[in-house]
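Coordinate analysis (summary)
Here is how the chains run, residue by residue.
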Amino acid sequence: IDNAGTITLNRCRLNQNYANAGSSSGGGLNNSGSATLNGCLVDYNKCTMQGGGLENGYTAGNTNVLTATNSTVVFNTQAYSVATVGGAGMCFRSGSGYLTNCTIAYNDNTLGGTASSAGLQCLDAAVRVYVKNSLISFNKISGNYAYLVSGWSADAYPDYAANITDNGGNIFGKYYNIDRKST
């Protein structure tokens, strides 16, 4: 799905989609508008750049919003070995995100490249993602280039310190640079 407007998905499954040449990000959903997922399963999607499962793509002014509640993002793949890639589960290139009661797990950056996260990746200083009561763990960076990212976060990695805010009740696997709020 390539969303540039407003979309609400309730109790749906985004499954086995592939974003390749042209729009090579957001295998399940590429959002440049306003997207809401309620009780959705996003699984077994693939892309060649960012966001195997979901991508909040680049928009001028960082106005796009992705909200997910009671949703699961699992077994998605990002498979490209160059450029700034990452977030096999979810990638935020701009805008904001609100994740509540979500699971982001078992996603894989299969070629590594310059990827620093397979679960949740933020690529711009203006991006803000607020996470509450969620599990982000068991994601991996594998393949020929895995050694290049040794020690980097496989689960959650904001490129800038304020990108991801932990609003409490979360379980993070391997993460880096998350604003841990006490709630």
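Refer to the structure above for everything that follows.
Reference entry: report on the structure contained in this document. (Residues numbered from 1 in each chain as written. Predicted model: local features only at pLDDT ≥ 70, side-chain atom pairs only at ≥ 80, totals over all residues. Heavy atoms only, no water.)

1. Quick notes on the overall build of the chain
Scanning the chain for helices and strands turns up zero helices and 24 strands. Taking as baseline every contact in the chain between residues at least 6 positions apart, the subset at least 24 positions apart corresponds to 77%. When the accessible surface of the chain is totalled, it reaches about 7500 Å², and 49% of it is carbon and sulfur. (Helix = DSSP H or I, 4+ residues; strand = E, 2+ residues; numbered from the N terminus. Contact = heavy atoms within 4.5 Å. Areas by Shrake-Rupley, 256 points an atom, 1.4 Å probe, with all protein chains shown as cover.)

2. Examining the nonpolar core
L54, M90, L99, L120 and V129 are the most contacted members of the largest nonpolar core, which has 26 residues in total. Listed by contribution, the elements that provide at least two residues to this core are β2 (6-10), β6 (34-38), β10 (65-69), β13 (90-92), β17 (120-122) and β18 (128-132). Those residues in contact with M90 that sit more than four places away from it in its chain are L54, L66, A68, V73, L99, I104, G119, L120 and Q121. (Core = buried A, V, L, I, M, F, W, Y, C linked by side-chain atoms within 4.5 Å. Buried < 20%, exposed > 50% of the residue type's maximum accessible area, 1.4 Å probe, protein only.)

3. Topic: the sheet that holds strand β19 (residues 135-137)
Pairing is parallel across the open sheet formed by six strands, whose spatial order is β3-β7-β11-β15-β19-β23. Looking at the sheet topology across the chains shown, the edges are occupied by β3 (13-15) and β23 (171-172). Here two bridges tie β19 to β23, and the two strands are oriented parallel to one another. Looking at the pairing, I136 lines up with F172 of β23. (Pairing = 2+ DSSP bridges.)

4. Here we look at the pairing of β10
Burial of the side chains of β10 is restricted to one face: L66 and A68 are buried, whereas none of V65, T67 and T69 on the reverse face is. Inspection of the sheet shows β10 paired to strand β14 (residues 96-100) by five bridges, in the parallel sense. Its bridge partner lying in β14, V65 is registered against S96.

5. Things to note about the pairing of β18
Here is the key point about a regular strand: its side chains alternate between the two faces of the sheet. Burial along β18 is one-sided: the face carrying V129 and V131 is buried and the face carrying R128, Y130 and K132 is not. As paired strands, β14 and β18 are joined by five bridges and run parallel to one another. Looking at β18, one finds that S96 is bridged to R128. Two strands pair when backbone bridges link them, and β18 and strand β22 (residues 164-166) are joined in this way by three bridges, in the parallel orientation. Pairing of V129 across the sheet is with I164, part of β22.

6. Considerations on the pattern of salt bridges
For side chains of opposite charge, pairing can occur when their charged atoms come near one another. Under the criterion given, the structure shown has one salt bridge. Residue D43 is joined to R13 by a salt bridge in which the shortest nitrogen-to-oxygen separation is 2.7 Å. Here D43, found in strand β7 (residues 41-43), pairs with R13, found in strand β3; they are 30 residues apart in sequence, far enough to count as distant. Owing to a relative accessible area of 3%, D43 belongs among the buried residues under this scheme. (Salt bridge = Lys/Arg side-chain N within 4 Å of Asp/Glu carboxyl O.)

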